[in-house]
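Structural overview
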Amino acid sequence: ETLLSELFQRSEEIMSGNLSGEGTRTTRIEAVQKALGQELREWSDQDVEKVLRIGYPAYWLSFDLRTHVRHARMMREAERARLPLMIEHRSERSRAVTEVTFYTEDHPGLIAQLAGALALSGANIVDAKIFTMTNGLALDVFSVQDATLGGPFENKDKLARLSVLARQI
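As the structure is a prediction and not an experimental result, all values here were calculated from the model.

Helix and strand counts for the protein come out as seven helices and four strands. Starting at the N terminus and ending at the C terminus, the protein contains elements arranged as α-α-α-α-α-β-β-α-β-β-α. Radius of gyration (C-alpha) of the protein: 17 Å, near the 15 Å computed for a compact globule of 169 residues. For the protein, the spread of C-alpha atoms along the principal axes amounts to about 50 × 35 × 30 Å. The burial tally for the protein puts 38% of its 169 residues in the buried class. For the protein, the proportion of contacts with a sequence separation of at least 24, taken over those separated by at least 6, is 60%. When the accessible surface of the protein is summed, it comes to about 9,700 Å², and 53% of that surface belongs to carbon and sulfur atoms. If the 21 positive side-chain charges of the protein are averaged to one point and the 24 negative ones to another, these points end up 3 Å apart.

Further remarks concern the pattern of salt bridges. According to the stated counting rule, one finds 11 salt bridges in the structure shown. Salt-bridge contacts for Arg80 lead to Asp47; the nearest nitrogen and oxygen are separated by 2.9 Å. With Arg80 in helix H5 (residues 65-81) and Asp47 in helix H3 (residues 45-53), the pair connects residues that are 33 residues apart, well separated along the chain. Judged by relative accessible area, which is 58%, Arg80 ranks as exposed. Looking at Asp47, the relative accessible area reads 18%, which means it is buried. A salt bridge links Glu154 to Arg93; its shortest N-O distance comes to 2.8 Å. Taken as a pair, Glu154 in the loop between strand S4 (137-146) and helix H7 (156-167) and Arg93 in the loop between strand S1 (85-92) and strand S2 (97-105) lie far apart in primary sequence, 61 residues in all. The class for Glu154 is partly exposed, based on a relative accessible area of 32%. A relative accessible area of 59% means that Arg93 is categorised as exposed.

Checked against the element boundaries, Ala35 lands in helix H2 (residues 22-39). Among the residues examined, Ala35 registers a relative accessible area of 22% and is labelled partly exposed. Sequence separation between Ala35 and Ala58 is 23 residues; the distance between their C-alpha atoms is 17 Å.

Our focus in this paragraph is the sheet that holds S4. One open sheet holds the four strands; their spatial order is S1-S2-S4-S3, and the pairing between them is antiparallel. The sheet terminates laterally at S1 and strand S3 (123-132), the two strands that pair on one side only. Geometrically, the sheet is characterised by an average inter-axis angle of 15 degrees between neighbouring strands, direction not taken into account. As judged from the nine bridges shared by S3 and S4, these two strands associate in the antiparallel manner. In the sheet register, Ala128 faces S4, and the bridge partner there is Phe142. The strands touched by helix H6 (residues 110-121) within the sheet are S2, S3 and S4, with S4 carrying the most contacts at an inclination of about 25 degrees. Set on the sheet, H7 makes contact with S1, S2 and S4; between it and S1 the angle comes to about 150 degrees.

So, how was this worked out
Residues numbered from 1 in each chain as written. Predicted model: local features only at pLDDT ≥ 70, side-chain atom pairs only at ≥ 80, totals over all residues. Heavy atoms only, no water. Helix = DSSP H or I, 4+ residues; strand = E, 2+ residues; numbered from the N terminus. Rg over C-alpha atoms; globule rule 2.2 N^0.38 Å. Buried < 20%, exposed > 50% of the residue type's maximum accessible area, 1.4 Å probe, protein only. Contact = heavy atoms within 4.5 Å. Areas by Shrake-Rupley, 256 points an atom, 1.4 Å probe, with all protein chains shown as cover. Lys, Arg positive; Asp, Glu negative; His and termini not counted. Charge placed at Lys NZ, Arg CZ, Asp CG, Glu CD. Salt bridge = Lys/Arg side-chain N within 4 Å of Asp/Glu carboxyl O. Pairing = 2+ DSSP bridges. Axes fitted to C-alpha atoms, helices over the stretch in contact; angles between N-to-C directions.

Shown next as structure tokens:
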């Protein structure tokens, strides 16, 4: 969905002659950030500013608003609770995948370790979006399917195993 949306926006810019390189990209990022700020209006100005400074440009252009809101809440909760690792998952039945998001300290080998934990838990990785945020933490989003059954990775025992394995990293 995100890729199609990006393709549509970029195609429209090219066909309308409004493609001005970085300026258009900057405008899109500002629009995403403004929309996110409006969605988080119950937050303090300081908390909103903090989340708006945390992502590099590629991050802001990689997800829809709903996902940015989820990530912002996840990052704020992890920070407030001082959690070394935060894991969230949600099924996307329309894509027959489960999106598993990890937020933790970035270090060499992290992606390999997370991919290993997913494989040992019985998940097949379909897609991955990997980001190091401006605060040095990693926000890694994997779209996975159940390796045995196909479709979303929803088995409670497998999700619990993933949580245990990821916390050992």
